[in-house]
Amino acid sequence: MSASWVHILFALLLAPLFPGIINRVKARFAGRQGSPLFQLYFDLIKLLKKGAVFSSSSTWLFRAGSIVGLATAFLALLWVPAWGCTSLLQIQGDFFIFAYLLGLGRFMTMLSALDTGSAFEGMGASREAFFAALSEPALLLGLAVLARFTHTLSLSGIYLASPTIPLPVTFFLFVTFAILFLTENARIPVDDPNTHLELTMIHEVMILDHSGPDLALIEYAGALRLWVTGLLVVNLIPFRTGHLFYDLLLCGLALAGWAVVVGIIESSMARLRLNHIPLLLGVAFVLSVLSLFWVVK
Amino acid sequence: MSTEQLLLIEPLIGGLLCGFISKNTLRRSLLILFSLGHFVLTLFCVVKGPDPHPGNLLGADALSLLFLLITSTLFLPVSIAMSRYLARQKTEEKPTSLFASEAVFTAALLLFLFSMTLAILSQHIGLFWMAVEATTLSSAPLICYHRSAQTLEAAWKYLLICSVGIAMALIGNIALMVATSFDPALTDTSLAFAHLIQHAHQLQPIWIKIAFVFFLIGYGTKMGLAPMHTWLPDAHSEAPSPVSALLSGALLNCAFLGIIRIQMLLRAAGLEHFSQELLLFFGISSMLIAGMFIIRQTGYKRMLAYSSVEHMGILAVALGCAGSFATFGGMFHALNHSLIKGSLFLTAGLILHRYRTKNIDEVTGILQRSPITGVLWILGFLAICGVPPFSVFNSEMSIMTGLATQHHWIILGLMLLALALVFIGLAALMPRMAYGTPQANTEKMPPEKPIDWIPPVLLCATSLVLGIWMPAFLRNVIQMAADQIGS
Amino acid sequence: MITQLLTAAILLLTLQMLGSARLGVLIRSVALQAGAMILLGIFSAHELPNWHEGLLLLTTFLLKCLVFPLLLRRALRETVIHREVEPLIGYTRSLFIGLVLLGAGLWIATRLPLPPKTINPFQLAIALATIGSGFILIVGRVKAITQTIGYLVLENGIGMLGFVLATGSPLIIEMGILLDIFVGIFVMGILMLDINREFDHMDTDKLSTLRDL
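Here the structure is a predicted model, which is why all the values come from computation and not from measurement. Residue numbering note: each chain is counted from 1, following its sequence as written. For this description, chains carry letters from A and ligands carry numbers from 1, given in the order in which they are written. Local features in a predicted model are, by the rule used here, given only for residues with pLDDT of at least 70; side-chain atom pairs are given and counted only at 80 or more, and totals for whole chains, interfaces and linings are based on all residues.

### Structural notes on the overall build of chain B
Right, so step 1: Numbered from the N terminus, helices here are DSSP runs of H or I no shorter than four residues, and strands are runs of E no shorter than two. Each helix and strand in chain B was counted, giving 20 helices and zero strands.
Right, so step 2: In terms of overall dimensions, chain B is globule-like: its C-alpha atoms have a radius of gyration of 21 Å, near the 23 Å expected for 487 residues.
Right, so step 3: Along the first, second and third principal axes, the C-alpha atoms of chain B reach 75 × 50 × 45 Å.
Right, so step 4: Remark: C-beta atoms are placed from the backbone, and a residue is labelled buried if 20 or more other C-beta atoms sit within 10 Å of its own, exposed if 12 or fewer do, or partly exposed between those counts. A buried classification covers 60% of the 487 residues belonging to chain B.
Right, so step 5: What counts as a contact here is a pair of residues whose C-beta atoms, placed from the backbone, lie within 7 Å. Contacts spanning at least 24 positions in sequence make up 81% of the contacts within chain B whose residues lie at least 6 apart. Radius of gyration here is computed from C-alpha atoms only, and the compact-globule reference equals 2.2 Å multiplied by the residue count raised to the power 0.38.

### Considering the overall build of chain A
Right, so step 1: When its secondary structure is counted, chain A shows eleven helices and zero strands.
Right, so step 2: Shown N-terminal to C-terminal, the secondary structure of chain A runs as helices and strands in the order α-α-α-α-α-α-α-α-α-α-α.
Right, so step 3: Taken against the 2.2 N^0.38 rule, which gives 19 Å for 297 residues, the C-alpha radius of gyration of chain A at 19 Å falls within 12% of a compact globule.
Right, so step 4: With the C-alpha coordinates aligned to their principal axes, the bounding extent of chain A is approximately 55 × 40 × 40 Å.
Right, so step 5: Across chain A, every contact between residues at least 6 apart in sequence was considered, and the portion connecting residues at least 24 apart equals 80%.

### Considering the interface of chain B and chain C
Right, so step 1: Contacts between the two partners involve 37 residues from chain B and, on the opposite side, 35 residues from chain C.
Right, so step 2: Among the secondary structure elements, those contributing two or more residues to the side of chain B that touches chain C are α5 (125–143) and α6 (149–180) of chain B.
Right, so step 3: Among the elements that take part in the side of chain B that touches chain C, α6(B) stands out by supplying 17 residues, more than any other.
Right, so step 4: By residue class, the composition of the side of chain B that touches chain C is 27 nonpolar, six polar and four charged. For this scheme, ten residues count as nonpolar: Ala, Val, Leu, Ile, Met, Phe, Trp, Tyr, Cys and Pro. Four count as charged, namely Asp, Glu, Lys and Arg, and the remainder, Gly too, count as polar.

### Points about the interface of chain A and chain C
Right, so step 1: Taken residue by residue, the interface counts 13 residues in chain A and 14 residues in chain C.
Right, so step 2: Looking at the side of chain A that touches chain C, the elements that each hand over two or more residues are α8 (167–184) and α11 (277–296) of chain A.
Right, so step 3: The dominant element in the side of chain A that touches chain C, judged by the number of residues it contributes, is α11(A), at eight residues.
Right, so step 4: Grouping the amino acids of the side of chain A that touches chain C by side-chain chemistry returns eleven nonpolar, one polar and one charged.

### A look at the environment of Ala428(B)
Right, so step 1: In this fold, Ala428(B) is placed in helix α17 (residues 409–429).
Right, so step 2: Taking the C-alpha atoms as reference points, Ala428(B) and Arg296(B), separated by 132 residues in sequence, lie 9.8 Å from one another.

### Regarding the confidence of the model for chain A
Right, so step 1: A score between 0 and 100, pLDDT records how confident the predictor is in each residue. Of the residues in chain A, 99% have a pLDDT of 70 or more, and the chain-wide mean is 89.
Right, so step 2: Per-element confidence in chain A ranges from a low mean pLDDT of 81 for helix α7 (residues 155–160) of chain A to a high of 94 for helix α2 (residues 17–29) of chain A.

### Some points on the arrangement of the chains
Right, so step 1: Where two pairs of chains are in contact, the pair with the most contacts is made of chains B and C.
Right, so step 2: Where chain A comes nearest to chain B, the C-alpha atoms are still 23 Å apart, and the two do not contact one another.

### Considering helix α3 (residues 51–77) of chain C
All names here are of chain C.
Right, so step 1: A helix is expected to span 1.5 Å multiplied by its residue count minus one. When the terminal C-alpha atoms of α3 are compared, their 38 Å separation across 27 residues agrees well with the 39 Å that a helix rising 1.5 Å per residue should span.
Right, so step 2: By the largest-angle criterion, Val67 marks the main kink of α3, which is about 35°, and a proline, Pro69, follows within four residues.
Right, so step 3: As for α3, its buried residues are in contact with α2 (23–44), α6 (144–164) and α7 (171–199). Here the bend at a residue means the angle between the axes of two seven-residue stretches, the one that ends at it and the one that starts at it.

### Brief notes about unusual backbone geometry
Residue and element names in this part refer to chain B.
Right, so step 1: Looking along the chain, the bond that leaves Ala226 and enters Pro227 is cis, with omega of 0°.
Right, so step 2: Between Pro388 and the following residue, Pro389, the backbone shows a cis peptide bond with an omega angle of 5°.
Right, so step 3: You can see Pro389 is positioned in the loop between α15 (371–384) and α16 (391–405).

### Section: the confidence of the model for chain B
Right, so step 1: Taken over all residues, the pLDDT of chain B has a mean of 89, while the share at 70 or more is 97%.
Right, so step 2: Both scores are given for the predicted complex: the pTM is 0.88, the ipTM 0.91.

### Examining the packing of helix α3 (residues 62–88) of chain B against helix α20 (residues 472–486) of chain B
All names here are of chain B.
Right, so step 1: Lines fitted to C-alpha atoms define the axes, with helix axes restricted to the stretch in contact, and inter-axis angles between N-to-C directions lie between 0 and 180 degrees. Contact pair α3 / α20: the axes reach a minimum separation of 8 Å and the direction vectors enclose 135°. Taken as axis vectors, α3 and α20 run oblique relative to one another. Both α3 and α20 take part in a crossing whose hand is left-handed. Within the contact between the two elements, α3 uses Ala62, Leu63, Leu65, Leu66 and Leu69 and α20 uses Val477, Ile478, Met480, Ala481 and Gln484.
Right, so step 2: Across the contact of α3 with α20, the residue classes break down as nine nonpolar, one polar and no charged. Any angle from 65 to 115 degrees is called roughly perpendicular, while one under 35 is roughly parallel, one over 145 is roughly antiparallel, and all others are oblique. Here a crossing is called left-handed whenever its near helix is offset anticlockwise from the far helix by less than a right angle, and right-handed whenever the offset is clockwise.

### Here's the deal with the packing of α16(B) against helix α19 (residues 450–468) of chain B
Residues and elements named next belong to chain B.
Right, so step 1: Contact geometry of α16 with α19 gives a least axis separation of 7 Å together with a crossing angle of 50°. Judged on the interaxial angle alone, α19 and α16 are oblique. Together, Ser391, Phe393 and Asn394 of α16 and Ser463, Leu466 and Gly467 of α19 make up the contact between the two elements.
Right, so step 2: The residue inventory of the contact of α16 with α19, partitioned by class, reads two nonpolar, four polar and no charged.

### Examining the environment of Ala482(B)
Residues and elements named next belong to chain B.
Right, so step 1: Checked against the element boundaries, Ala482 lands in helix α20.
Right, so step 2: Linking Ala482 and Phe99, residues 383 residues apart in sequence, is a C-alpha distance of 40 Å.
Right, so step 3: Setting aside residues no more than four positions away along its own chain, Ala482 makes contact with Ser324, Thr327, Phe328 and Met331.

### Comments concerning the environment of Ala131(B)
Residue and element names in this part refer to chain B.
Right, so step 1: In this fold, Ala131 is placed in helix α5.
Right, so step 2: C-alpha of Ala131 to C-alpha of Leu279: the two residues are 148 residues apart in sequence and 23 Å apart in space.
Right, so step 3: Those residues in contact with Ala131 that sit more than four places away from it in its chain are Ser115, Leu118, Ala119 and Ser122.

See the structure below:
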């Protein structure tokens with residue numbers, strides 16, 4: 001139990017490091033020195049000190065979006081296990097709770113985007129809704145396959161038994177969850193987090209109007225979501241030492257390694273055309289169905 | 001060196017030789033020479049009689065002899081017509097593609113003969129498959145000899161559809177191999193036809209049925225059974241006319257031979273009702289579809305191609321009906337169809353050479369311009385529709401008698417309907433080409449040379465003679481083939 | 001374990017071919033698929049292959065993994081366009097049809113009476129799915145070269161079906177089959193080049209002058 005608290009504390013403290021690592025890797029690939037690893041911490045402190053500007057046409061929904069986003073990210077953290085230690089809360093079927101907590105956060109972000117009444121945010125919200133709808137079957141099917149294989153319905157139970165999963169299934173689900181990670185967190189090849197060109201933004205456009213503390217909440221929630229969805233991917237690695245402290249340490253290192261991999265992916269690919277993204281999500285779905293066949297046979 | 005091996009080696013050597021000879025006239029004479037040699041060897045084999053114990057790979061049993069006779073008899077006049085056709089072509093500049101050179105064309109023609117002979121003589125399922133695929137590959141360059149949009153389209157469609165069909169037949173091969181692996185007492189799992197028929201009861205029935213379905217679809221594609229016939233009108237209408245004669249008259253028979261052999265296996269295993277129903281179904285559909293499409297044709301070679309589809313349907317119906325009448329009629333019909341279709345395509349080639357158009361509407365008054373061609377056209381029309389005294393009437397009557405004795409009344413009724421449809425279609429299209437006043441732009445036409453019309457006349461006359469009197473040796477050959485199927 | 005990985009690789013390659021538009025990727029994938037199949041045949045067998053099986057495997061490997069991609073790339077060199085732009089069956093749809101085919105293959109593999117020497121029913125399902133995917137490529141794509149690659153995939157699937165059902169022909173027959181496929185690809189390649197020269201494109205759906213309906 002206390003181990004779970006340790007893990008949550010680590011996550012809260014170290015989550016902003018995740019985007020820092022990704023950006024550093026991207027910068028190094030581009031031949032630049034890059035911003036410091038702790039850049040997001042500095043940004044958060046800076047943003048919290050600033051005042052916020054709200055559009056006169058927005059309502060309470062606009063402020064609620066950022067708050068609920070952070071709240072759901074934090075709650076999702078409570079249900080995900082790390083290597084060797086179970087999550088703080090676990091019940092049978094909690095992967096649904098997890099998936100829909102992330103969905104709720106996304107939903108509130110979309111609502112707050114629509115609330116501004118601007119065309120750009122609406123465009124971003126509709127695209128985000130589309131891709132989220134396409135990625136949901138893959139996510140749930142992948143988790144269901146894992147549940148079927150390990151005969152438990154709880155995320156902790158599933159991931160604790162991951163060394164017993166056959167290698168091809170692990171590989172398929174790894175790729176599936178990797179694609180879903182990139183979709184969920186608006187990374188290349190699904191969306192470019194650096195671009196601010198109107199026609200190409202998906203996630204960035206929804207937070208365009210947030211400023212000051214709201215933006216700080218959103219950025220921090222984004223870092224937490226990176227951590228949480230990264231845990232989904234990293235937990236599949238079938239390696240456990242059995243000792244709690246070492247497992248947590250290695251889990252953190254694995255997450256950092258995954259951040260480096262994401263940075264490499266982002267540096268080596270270009271963003272996909274919008275009408276090719278359903279194909280990518282279709283591939284994720286197909287891979288999860290393949291792993292289903294493997295379990296069924 | 002047995003006669004069978006000679007029969008194979010002769011066109012193979014001929015093909016390779018012709019590929020390297022650069023002098024056109026020498027090559028064309030070699031073509032006729034090699035086909036004559038093949039014909040003589042075939043007669044020799046027929047006189048010798050069928051081999052009661054054919055080997056594991058190659059052998060000339062009764063079925064092989066009949067189909068060999070058909071193929072060789074057709075190839076000889078066609079090779080004469082082919083040489084004339086090639087001689088008439090204007091010599092162009094250096095051919096742009098490998099398939100546009102005359103040497104490669106002649107080589108492919110003789111290799112085509114080789115692969116057909118191999119298919120007919122093969123006694124092993126795998127070897128038969130190889131040979132049929134080889135016929136597809138060697139005949140594809142023949143179709144697109146003249147570079148044009150339509151010939152390339154026809155050749156590509158032919159190559160792809162037939163290759164996929166034959167891949168289906170390969171699955172059938174595998175299914176048959178699986179069928180042999182169930183009974184532990186069956187130690188020799190060779191796929192020779194005679195061996196399989198001998199041990200038919202030790203094969204797994206479900207897998208034999210699966211094999212038959214795949215063979216029917218696979219070799220049926222090659223044979224031109226509907227609905228797998230879509231390549232046939234294109235390929236047979238765009239190829240040079242002597243090549244069309246070969247494709248219609250010899251190649252379709254080879255594919256039919258494969259289906260016959262599998263049907264024999266199913267009959268030996270006691271599963272013939274399953275296969276006969278399927279054969280009747282595909283046969284009648286081919287006839288009806290051909291009947292429906294033939295009426296709306298605008299090109300006379302395409303019309304002849306649909307007639308081939310119809311006759312292949314008749315052959316399938318004959319095989320699907322048990323009893324001696326139908327089987328004898330089917331074997332006789334294979335011979336007759338080849339003779340008459342060969343004659344018709346060669347005549348069509350003469351018409352194309354004179355009128356320079358493939359459209360039915362633009363060709364009128366053949367009887368006035370070139371009388372012999374016109375007579376051939378009319379007689380061919382009568383023959384292919386089954387009018388006595390041509391032999392097609394005899395074989396079709398025999399098949400229909402067989403249907404009646406086996407009480408397939410619905411099939412008989414549909415067959416008569418389809419024959420009537422085809423007759424209406426052809427009667428609407430063919431006679432008006434021969435009669436009527438010729439158009440003004442056809443004044444200057446080269447005179448008919450005997451060497452041009454002798455091959456189709458020979459084929460047509462043979463059919464006429466066979467309709468009235470069947471020589472004993474031929475009846476023997478056909479009867480032995482029918483007995484081998486029915487036994 | 002290696003057999004599991006190889007089976008997964010074959011499956012993934014099949015699906016990649018269904019979802020990919022780039023012709024170079026297709027050529028490479030079909031060669032890799034043939035190679036994975038041969039390796040699977042070697043590793044699944046209970047004993048080492050004897051000399052004529054080994055010869056057959058070696059010839060198949062040389063032809064399918066080296067010669068055919070070479071021939072296809074030569075045919076590709078003359079064309080300008082290296083992507084399949086507007087297929088008849090879209091890429092996502094092809095992917096899902098491939099999944100359905102795999103499911104159908106699994107269903108068939110469980111229903112059929114399998115011979116006693118069968119290696120693995122799941123591999124039978126994958127062989128059937130590969131055959132079906134070959135069909136999808138032939139029917140649903142427009143460029144002549146993709147149809148040729150579809151034919152190669154079909155032959156790959158049939159080869160896999162052959163060794164999964166533990167059947168074998170005499171060496172000469174198998175070699176003959178390989179020779180036929182080789183000559184077939186050769187002839188298809190020449191025809192493709194001719195079509196490209198004549199029309200300046202390789203889209204077979206534009207070759208539709210000969211029709212009845």
